[in-house]
Amino acid sequence: MIVMKFGGTSVEDSDAIRKVIEIVRTELHRNPIVFVSACAGVTNQLLKVADLSAAGKKDEANDYITAIRTRHEKLVDELIHSELPKNYLKGKISVYAHELKNLSQAISVIGEITGRSRDTIASYGERLSSMIIAQAMEESSLKSMLVDAREFMITNDSFTKAVPIFPVVEERAKKLIEPLVLNGYVVVTQGFIGATQSGITTTIGRGGSDYSASIIGSLLDAAEIQIWTDVDGVLTADPSIIPGARRIKRMSFNEASELAYFGARVLHPKTILPAIEKNIPVYVRNSRNPSYQGTLIRRSDGNEECIAKSIAYKERTTLLNIESSRMFLAPDFLEAIFSVFSKYHTIAHAVATSEVSVTVAIEDTSRLDDIKREISEFAEITSSGGKAIVCVVGENIRNNPGVVGRIFSSLRDIRINMISQGASEINIGFVVDDDDIEEAVRRLHNELFSNTSSQELSSEIFD
Ligand code: ADP
Ligand code: ASP
Ligand code: MG
């Protein structure tokens, strides 16, 4: 059994969906379970519907609903030719559009939106794409079965970032998915969405389809997890900043985890953890270029060939500087600080301490006022926004202290606000002003990955 996940651009129109079907066909002998995202852009449009409705802009919200409806009807027209399923799907699309309109109407009356309603609205994207894709497979003579992820991806009720309850997910997935796979069906299901134990729709966070796929891959002991997207694999940097970024042929679980955590959008930050637990290889591949091998992410054998593999960045970060002459040498100073972060569910993405202060980089500032208020009871705290964490990742960084010098000398005149080397010693992160991201990433890429650099070692693992 293998798990294949196709992202938004891989299912954005009928041509893309036909490609997906052909890719799945080549893997039939391996019993694929297929996770799909909403068609590219649809989740954003649905969330727009939610926001516009809450702002009382019902007509604008309706325009988005109509656009979503028309786009999916077009998909049905182009992909489904048998009369009965065509009418069935058109009917379903019409029902969903009405449900969305009713939700929008109700939200606009209340004038505010809860996480619960946002999740319900967002779920329509994956529900629409998956039902069309499953039927399109049938039309192309693939025996497929649509399974609603809300039947097995059971989560808590932290709406918009719900946490799967693994034992329940495992039990349900084994009961629902496994028998179908064993009977030769291609199971098609939705990434990103789930439901609470009492059946209320949830989502597991933006970009979460990768995570849905890896959870099920791990719980069902898949032989492989494939993440199909719109680039040739994991690249040495974000291609929107470095158009010439190179494909990485192989990388370790830890490298991929760190990269995703520090902002490389190609993988949801939690994707790799379930794969590590069962040592399941993860492939990142291009659905527009399926003959290409993509990137293999696997357990490191300790012989990683090159020093650095990739550069990631996380924009819109805020730095907090916390000082307390009174408490600094107190053994519980750090505990006091981090219990406040924990209380407000705010993740510290990087931390540095000096003799007199602690600096913490955070991304989520929704509870910043509360954090500041509580910390100011025992320390002085200041914040500065508009920052970015840039991070260089590579298993061999720990064995090559010289690379640190190369990194920072290439950034000479760029203002560095903070430096932190991860405890795993496979990443070096630092904080720059948001405006300097592009320049910093470009210089680092040039230093670490250009052909003229002293990276001959790496030639075998990059394209
Ligand atoms: P999907 O919809 O398939 O999940 P995403 O848009 O979430 O696709 O992720 C793929 C995108 O991630 C690429 O189009 C690319 O622009 C971006 N990206 C950022 N950093 C990297 C990187 N290091 N390697 C590959 N892609 C990256
Ligand atoms: N459709 C969801 C999103 O856009 C989930 C995903 O694509 O992974 O965030
Ligand atoms: Mg994604």
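Residues numbered from 1 in each chain as written. Chains lettered and ligands numbered in written order. Predicted model: local features only at pLDDT ≥ 70, side-chain atom pairs only at ≥ 80, totals over all residues. Heavy atoms only, no water.

Visitor: Got a minute to help me understand the site of ligand 2 in this structure?
Guide: Around ligand 2, the surrounding shell consists of Ser37, Thr43, Glu126, Phe192, Arg206, Gly207, Gly208 and Ser209. At 2.8 Å, a side-chain N or O of Thr43 approaches a nitrogen atom of ligand 2. In this structure, Glu126 approaches ligand 2 through a side-chain N or O atom, which is 2.7 Å from a nitrogen atom. Burial of ligand 2 by the protein chains amounts to 85% of its free accessible area of 260 Å². A breakdown of the residues in the shell around ligand 2 according to their chemical character gives one nonpolar, five polar and two charged. (Near = heavy atom within 4 Å. Polar contact = N/O pair within 3.5 Å; in protein donor to acceptor, adjacent residues only side chain to side chain. Areas by Shrake-Rupley, 256 points an atom, 1.4 Å probe, with all protein chains shown as cover. Nonpolar A, V, L, I, M, F, W, Y, C, P; charged D, E, K, R; others polar.)

Visitor: Help me understand the site of ligand 1 in this model?
Guide: The environment of ligand 1 is made up of 16 residues, and the closest members are Lys5, Thr229, Asp230, Leu235 and Arg265. At 3.0 Å from an oxygen atom of ligand 1 is found a side-chain nitrogen or oxygen belonging to Lys5. In this structure, an oxygen atom belonging to ligand 1 sits 2.7 Å away from a side-chain N or O atom of Asp230. When the free accessible area of ligand 1 is taken as 570 Å², the share hidden by the protein chains comes to 86%. Looking at the shell around ligand 1 residue by residue, the classes come out as eight nonpolar, four polar and four charged.

Visitor: How do you make sense of the sheet that holds strand 8 (residues 224–229) when you look at a structure like this?
Guide: Sheets are built from strands that pair by backbone hydrogen bonding, the pairs being arranged parallel or antiparallel. Pairing in this open sheet of eight strands is mixed, and the strands run 3-5-2-1-8-10-11-9 from one edge to the other. Both outer strands of the open sheet, strand 3 (144–147) and strand 9 (250–252), are each paired with one neighbouring strand and no more. Within this sheet the neighbouring strands show an average axis-to-axis angle of 20°, counted without direction. As defined by bridge partners, strand 10 (residues 282–286) adjoins strand 11 (residues 295–298) across three bridges and the pair is classed as antiparallel. Opposite Tyr283, over in strand 11, you have Leu296 as the bridge partner. This element, helix 5 (residues 115–139), spans strand 2 (32–36), strand 3 and strand 5 (186–190) of the sheet and lies at about 165° to strand 5. (Pairing = 2+ DSSP bridges. Helix = DSSP H or I, 4+ residues; strand = E, 2+ residues; numbered from the N terminus. Axes fitted to C-alpha atoms, helices over the stretch in contact; angles between N-to-C directions. Contact = heavy atoms within 4.5 Å.)

Visitor: Explain the nonpolar core to me, please; I cannot follow it from the model alone.
Guide: One broad rule of soluble globular proteins: the nonpolar side chains tend to lie buried together. Of all hydrophobic cores here, the largest spans 56 residues; its most connected members are Ile297 and Val441. When residues no more than four places from it in sequence are discounted, the contact partners of Ile297 are Val234, Met251, Ser252, Phe253, Ala256, Leu267, Ile272, Pro281, Val282 and Val284. With 45 residues, the next largest nonpolar core counts Met131, Ala134, Ala136 and Leu142 among its residues. (Core = buried A, V, L, I, M, F, W, Y, C linked by side-chain atoms within 4.5 Å. Buried < 20%, exposed > 50% of the residue type's maximum accessible area, 1.4 Å probe, protein only.)

Visitor: Quick question: what am I supposed to make of the sheet that holds strand 4 (residues 154–155) here?
Guide: What the three strands build is an open sheet, ordered 4-6-7; its pairing is mixed. Across the chains shown, the open sheet's two edge strands, defined by having one partner strand only, are strand 4 and strand 7 (201–203). Pairing of strand 6 (residues 193–196) with strand 7, which is carried by three bridges, proceeds in the antiparallel orientation. Across the sheet, Gly194 pairs through a bridge with Thr202, a residue of strand 7. Its contacts with the sheet place helix 5 against strand 6 and strand 7, and it is angled at close to 80° to strand 7.

Visitor: What is the right way to look at the packing of aromatic side chains in this model?
Guide: The geometry of an aromatic ring pair is captured by two quantities: the separation of the ring centres and the angle between the planes. Within the structure shown, the criterion is met by seven aromatic pairs. Ring geometry for Phe338 versus Phe341: centroids 5.6 Å apart, planes at 35°, classification tilted. Of this pair, Phe338 and Phe341 both sit in helix 10 (residues 333–343), three residues apart, which is roughly one turn of the helix. Relative to Phe430, the ring of Phe408 lies with its centre 5.4 Å away and its plane at 65°, an arrangement referred to as edge-to-face. One end of the pair, Phe408, is in helix 12 (residues 402–410); the other, Phe430, is in strand 17 (residues 427–433), and 22 residues separate them in sequence. Above the ring of Tyr185, the side-chain terminus of Lys143 is found at 4.5 Å from the ring centroid. (Phe/Tyr/Trp six-rings, centres within 6.5 Å; stacked < 30°, edge-to-face > 60°. Lys NZ or Arg CZ within 6 Å of the ring centre and 35° of its normal.)

Visitor: What should I look at first to understand the confidence of the model for the chain in this one?
Guide: If pLDDT is low for a region, its predicted coordinates should not be looked at in detail. The predicted model of the chain has a mean per-residue pLDDT of 94, with 97% of residues at 70 or higher. Scored below 50 in pLDDT, residues 452–457 shows 12 contacts in the model against residues more than four places distant or in partner chains. (pLDDT = per-residue confidence, 0-100.)

Visitor: Any chance you could explain the pattern of salt bridges here in plain terms?
Guide: Note that side chains of opposite charge can pair when their charged atoms are close. Tallied over the full model, the rule gives 27 salt bridges. Between Asp51 and Arg118 there is a salt bridge, with the nearest N and O atoms lying 2.8 Å from each other. Note that Asp51 is positioned in helix 2 (residues 42–54) and Arg118 in helix 5, a separation of 67 residues in sequence. For Asp51, a relative accessible area of 39% corresponds to the partly exposed category. Residue Glu395 pairs with Arg398 through a salt bridge whose shortest N-O separation is 2.7 Å. By relative accessible area, which is 40% here, Arg398 ends up partly exposed. (Salt bridge = Lys/Arg side-chain N within 4 Å of Asp/Glu carboxyl O.)

Visitor: Would you mind showing me how to read the packing of helix 12 against helix 13 (residues 437–449) here?
Guide: Relative orientation and spacing of two packed helices are given, respectively, by the angle between their axes and the distance between those axes. Close contact between helix 12 and helix 13 brings their axes to 9 Å; oriented N to C, the two are set at 140°. In terms of axis orientation, helix 12 runs oblique to helix 13. Regarding helix 12 and helix 13, the two cross each other, and that crossing is right-handed. Where helix 12 abuts helix 13, its residues Val403, Arg406, Ile407 and Ser410 lie against Arg443, Leu444, Glu447 and Leu448. Partitioning the contact of helix 12 with helix 13 into residue classes produces four nonpolar, one polar and three charged. (Parallel < 35°, antiparallel > 145°, perpendicular 65-115°, else oblique. Left-handed = near helix turned anticlockwise from the far one by under 90°.)

Visitor: Just to check I follow, could you spell out helix 11 (residues 368–375) for this structure?
Guide: In an α-helix, one turn spans 3.6 residues; hence positions three or four apart end up facing the same way. Taken residue by residue, helix 11 has Leu368, Asp370, Ile371, Glu374 and Ile375 as its buried positions. Angularly, the buried residues of helix 11 cover 165° about the axis, an arc narrow enough to put them on a single face. On its buried side, helix 11 packs onto strand 12 (310–323), helix 10, strand 14 (357–362) and strand 15 (380–393). (Arc of directions from axis to C-beta.)

Visitor: Mind showing me how you'd approach unusual backbone geometry here?
Guide: Note: most peptide bonds trans; most residues except glycine with negative phi. Backbone geometry places Arg316, a non-glycine residue, at a positive phi of 50°. By secondary structure assignment, the location of Arg316 is in strand 12. Phi is positive for His345, which is not a glycine, with a value near 50°. For His345, the location among the structural elements is in the loop between helix 10 and strand 13 (348–353).

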